[in-house]
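# Structural overview for review
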Amino acid sequence: MIKIRNLNKYYNKKKNNEIHVIDNTNLEITKPGLVTFLGQSGAGKTTLLHVIGGLDKANGDVIYEDLNFLKASKNKVDEYRNRNIGYIFQHYNLLPNLTVYENLKLQLELIGVIDKSIIDTRINEVLRIVGLERYKRRMVTALSGGQQQRVAIARALVKGCKIIIADEPTGNLDTKTTEQILTL
């Protein structure tokens, strides 16, 4: 369950160019499923996802189970997010000097998975799911935008998280792949 209460986010607060991006927002997500935020470009969707995912601060409450992301220490938020939240960024945020395999392996190592057979099994499975198993040893910079997006999706899935936060996860994918990813 995720609870968002009285959430407010400003840019340039108390200045002439102040922008109130998130305006006293309240939301409860109580059961598994797909939740989508729709709005015009610049409406604050990415900002809202960053705040919900603990990547950005705001005023109010963002509560996962019993942990309030906006009141807890950075270490507690990072620990919870690493274990429980997979994040698919709009602009991939892959490490360009690493292979596809190494980008995914790093995610597992961050949550304490060090057994090579478990790492290999999880990586092979998510790469199969996103249709990139033959690109495992390729540098991410050698992939197309759509392939990089699928690696970013695989990175979010490889940890087996309870929650996936996705910022335009299928923006660079064709219709068929988009349908496959959303079904996933």
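Below: a short report on this structure.

Definitions and cut-offs
Residues numbered from 1 in each chain as written. Predicted model: local features only at pLDDT ≥ 70, side-chain atom pairs only at ≥ 80, totals over all residues. Heavy atoms only, no water. Helix = DSSP H or I, 4+ residues; strand = E, 2+ residues; numbered from the N terminus. Rg over C-alpha atoms; globule rule 2.2 N^0.38 Å. Buried < 20%, exposed > 50% of the residue type's maximum accessible area, 1.4 Å probe, protein only. Contact = heavy atoms within 4.5 Å. Areas by Shrake-Rupley, 256 points an atom, 1.4 Å probe, with all protein chains shown as cover. Lys, Arg positive; Asp, Glu negative; His and termini not counted. Charge placed at Lys NZ, Arg CZ, Asp CG, Glu CD. Pairing = 2+ DSSP bridges. Axes fitted to C-alpha atoms, helices over the stretch in contact; angles between N-to-C directions. Core = buried A, V, L, I, M, F, W, Y, C linked by side-chain atoms within 4.5 Å. Salt bridge = Lys/Arg side-chain N within 4 Å of Asp/Glu carboxyl O. Expected span 1.5 Å × (residues − 1). Arc of directions from axis to C-beta.

### A closer look at the overall build of the chain
Tallying secondary structure elements over the chain gives six helices and six strands in all. Helices and strands in the chain line up, N terminus first, as β-β-α-β-β-α-β-α-α-α-β-α. In terms of overall size, the chain behaves like a compact globule, its C-alpha atoms giving a radius of gyration of 17 Å where 184 residues would be expected to give roughly 16 Å. Counting only C-alpha atoms, the chain reaches 50 × 35 × 30 Å along its principal axes. In the chain, which comprises 184 residues, the proportion classed as buried is 43%. Counted over contacts in the chain with a minimum sequence separation of 6, partners at least 24 positions apart contribute 58%. About 10800 Å² of surface is accessible on the chain, with carbon and sulfur atoms providing 49% of the total. The average position of the 27 basic charges and that of the 19 acidic charges among the side chains of the chain differ by 2 Å.

### A few points about the sheet that holds strand E3 (residues 59-64)
With antiparallel pairing, the four strands of this open sheet are ordered in space as E2-E1-E3-E4. Each having just a single partner strand, strand E2 (19-29) and strand E4 (67-68) make up the two edges of the open sheet. Bridge count for strand E1 (residues 2-11) against E3 is five bridges, and the pairing is antiparallel. Note on E3: the bridge partner recorded for Asn 8 is Asn 59. Along the sheet, helix H1 (residues 45-52) makes contact with E1, E2 and E3, crossing E1 at roughly 125°.

### A few points about the nonpolar core
Among the nonpolar cores identified, the biggest contains 26 residues, and Val 100, Leu 104, Leu 108, Ile 123, Leu 127, Val 130 and Val 151 are the most heavily contacted of them. Listed by contribution, the elements that provide at least two residues to this core are helix H3 (100-110), helix H4 (116-129) and helix H5 (145-158). In terms of residues, this core owes the most to one element, H5, which gives six residues. Sequence-distant contacts of Val 100, defined by excluding residues within four places in its chain, comprise Leu 127, Tyr 135, Lys 136, Arg 138, Val 140, Leu 143 and Val 151. With 23 residues, the next largest nonpolar core counts Val 21, Tyr 64, Leu 70 and Phe 89 among its residues.

### Here we look at the pattern of salt bridges
Under the counting rule described, the total for this entry stands at eight salt bridges. Close ionic contact of Lys 9 with Asp 56 constitutes a salt bridge, the shortest N to O distance being 3.2 Å. Here Lys 9, found in strand E1, pairs with Asp 56, found in the loop between H1 and E3; they are 47 residues apart in sequence, far enough to count as distant. The partner of Lys 74 in a salt bridge is Asp 78, and the shortest N-O contact between them spans 2.9 Å. One end of the pair, Lys 74, and the other, Asp 78, are both in helix H2 (residues 74-84), four residues apart, so they sit about a helical turn from each other. Relative accessible area serves as the criterion here: at 61%, Lys 74 is assigned to the exposed category. Each of Lys 74, Asp 78 and Arg 81 takes part in a single network of salt bridges with overlapping partners.

### Description of H4
The first and last C-alpha atoms of H4 sit 20 Å apart over 14 residues, in line with the 20 Å expected at 1.5 Å per residue. Of the positions making up H4, those classed as buried are Ile 119, Ile 123, Val 126 and Leu 127. Across the axial projection of H4, the buried residues extend over an arc of 100°, all falling on one side. Each element contacted by the buried residues of H4 is listed here: H3 and H5.

### Digging into H2
Where H2 is concerned, the buried positions are Val 77, Asp 78, Tyr 80, Arg 81 and Asn 84. Looking straight down H2, one finds its buried side chains confined to an arc of 165°; they lie on one side. Those residues of H2 that are exposed and aimed more than 90 degrees away from the buried face are Asn 75, Lys 76 and Glu 79. Where H2 is buried, its residues meet E3, E4, strand E5 (85-88) and strand E6 (163-166).

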